[in-house]
Amino acid sequence: MTTMTAQATQVYQLFIKATPEAIWDAITKPEFTIRYYHGARIENTPERHLGLGPNGEVWGDSPTLEYDPPRRLVHGWQSLYNPEFADEPSSRVTWEIEPQEGGYCLLTVTHDQLDGSPKTAESVSGTGWMMVLSGLKTLLETGDVLDPDRA
Amino acid sequence: MTDDDLVFKALADPTRRFLLDRLFERDGRTLTELESEIEMTRFGVMKHLRVLEDAHLVVARREGREKLHFLNPVPIRLVHDRWIDKYTEHRVAALAALKTELEETA
């Protein structure tokens, strides 16, 4: 991990044994996100992507760009959770849910347009998105919280 | 084959690990770029990329006229959670128990 520069486009993909509707709810409703998303209450409406920290501080507040339940969600991203890079330009997060055989869905998360936001890119890469996504998988498949300290 | 099998099989080859390392350095590369880094025919590199894609370690996305290959780290993370964590946790727990034991008798 020594000399790596975080990438301007990051792609994460995983299988989750759950219906598209269940995955959609888990990524768009705060009562679910609080259990796996670094303790954030995130609400995605057709208009806005709003993320609040445990004390109500605003961690994310960006426009929703596409809202097509339960298949596709695209929203802006601004790293308001960290004052050091809150002023970096807005980037973009795309969630794609594709049903597979055997009750599985393939979830693809693409975080791109990070070219002008190196600190944000660094902060979400590596374990950043992976903690969120493996926590989401665990929550949906077992009902458990992966990292109770963060939830 | 299960997903884990596909991941282990994909990782069990030095050329494929080399390709993953190249994508780790710089993500979103074309076949032509990857091919230039390795002494192998285009067909050979394609075959290896296919195995990596089947294991979802590489995700190919079309951007304009180009097909770009991205490293997907999630399967390795899941293998880590499922296999590595289990054994290291055990070892750490044993060491912690040893420490308690030694400190109590000291």
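Residues numbered from 1 in each chain as written. Chains lettered and ligands numbered in written order. Predicted model: local features only at pLDDT ≥ 70, side-chain atom pairs only at ≥ 80, totals over all residues.

Draft legend 1. Up close: the overall build of chain A. Assigned secondary structure in chain A consists of 4 helices and 7 strands. Across chain A, helices and strands are ordered from the amino to the carboxyl terminus as β-α-α-β-β-β-β-β-β-α-α. For chain A, the spread of C-alpha atoms along the principal axes amounts to about 40 × 35 × 30 Å. Burial analysis of chain A (151 residues in total) assigns 34% to the buried set. When contacts within chain A are restricted to residue pairs at least 6 apart in sequence, long-range pairs at least 24 apart make up 50% of them. (Helix = DSSP H or I, 4+ residues; strand = E, 2+ residues; numbered from the N terminus. Buried ≥ 20, exposed ≤ 12 C-beta atoms within 10 Å, placed from the backbone. Contact = placed C-beta atoms within 7 Å.)

Draft legend 2. Inspection of the overall build of chain B at higher detail. Counting secondary structure elements, chain B contains 5 helices and 2 strands. For 106 residues, the compact-globule formula gives about 13 Å, and the C-alpha radius of gyration of chain B, at 20 Å, lies well above that figure. The 106 residues of chain B split such that 21% are buried. (Rg over C-alpha atoms; globule rule 2.2 N^0.38 Å.)

Draft legend 3. Molecular detail of the nonpolar core. By size, the foremost hydrophobic cluster in this structure holds 41 residues, and its most contacted members are I23 and L133 of chain A. At 6 residues, the largest contribution of residues to this core is made by helix α4 (residues 127-142) of chain A. Beyond its immediate stretch of four places on either side in the chain, L133 of chain A contacts Y12, L14 and V109 of chain A together with V74 of chain B. (Core = buried A, V, L, I, M, F, W, Y, C linked by C-beta atoms within 7 Å.)

Draft legend 4. Up close: the sheet that holds strand β1 (residues 10-17) of chain A. All names here are of chain A. Judged by pairing direction, the sheet is antiparallel, and its 7 strands sit side by side in the order β1-β7-β6-β5-β4-β3-β2 without closing on themselves. At either end of the open sheet lies a strand with only one pairing partner, and these are β1 and β2 (41-44). The average undirected angle you get between the axes of adjacent strands in this sheet is 20°. Pairing of strand β5 (residues 72-77) with strand β6 (residues 91-99) involves 6 bridges; the strand directions are antiparallel. Bridge assignment links L73 to a residue of β6, and that residue is W95. (Pairing = 2+ DSSP bridges. Axes fitted to C-alpha atoms, helices over the stretch in contact; angles between N-to-C directions.)

Draft legend 5. Focus on the packing of helix α2 (residues 14-25) of chain B against helix α4 (residues 42-54) of chain B. Residue and element names in this part refer to chain B. Between α2 and α4, whose axes approach to 10 Å, the crossing angle comes to 75°. It follows from the interaxial angle that α2 and α4 lie roughly perpendicular. Facing T15, R16 and L19 of α2, the residues of α4 in contact are H48, L49, V51 and L52. Counted by class, the contact of α2 with α4 contains 4 nonpolar, 2 polar and 1 charged residues. (Parallel < 35°, antiparallel > 145°, perpendicular 65-115°, else oblique. Nonpolar A, V, L, I, M, F, W, Y, C, P; charged D, E, K, R; others polar.)

Draft legend 6. Quick peek at the interface of chain A and chain B. In this assembly, 11 residues from chain A lie in contact with 15 residues from chain B. Of all the secondary structure elements, the ones that give two or more residues to the side of chain A that touches chain B are β1 and α4 of chain A. Of the residues assigned to the side of chain A that touches chain B, the class counts are 7 nonpolar, 4 polar and no charged.

Draft legend 7. How the structure looks around the domain arrangement of chain B. Residue and element names in this part refer to chain B. Parsing chain B into structural domains produces domain 1 (1-72) and domain 2 (73-106). On the domain 2 side, the residues contacting the 8 residues of domain 1 number 4 residues. Ranked by residues supplied to the side of domain 1 that touches domain 2, first place goes to helix α1 (residues 3-11) with 3 residues. Its residues assigned to classes, the side of domain 1 that touches domain 2 shows 4 nonpolar, 2 polar and 2 charged. (Domains from an automatic or database assignment.)

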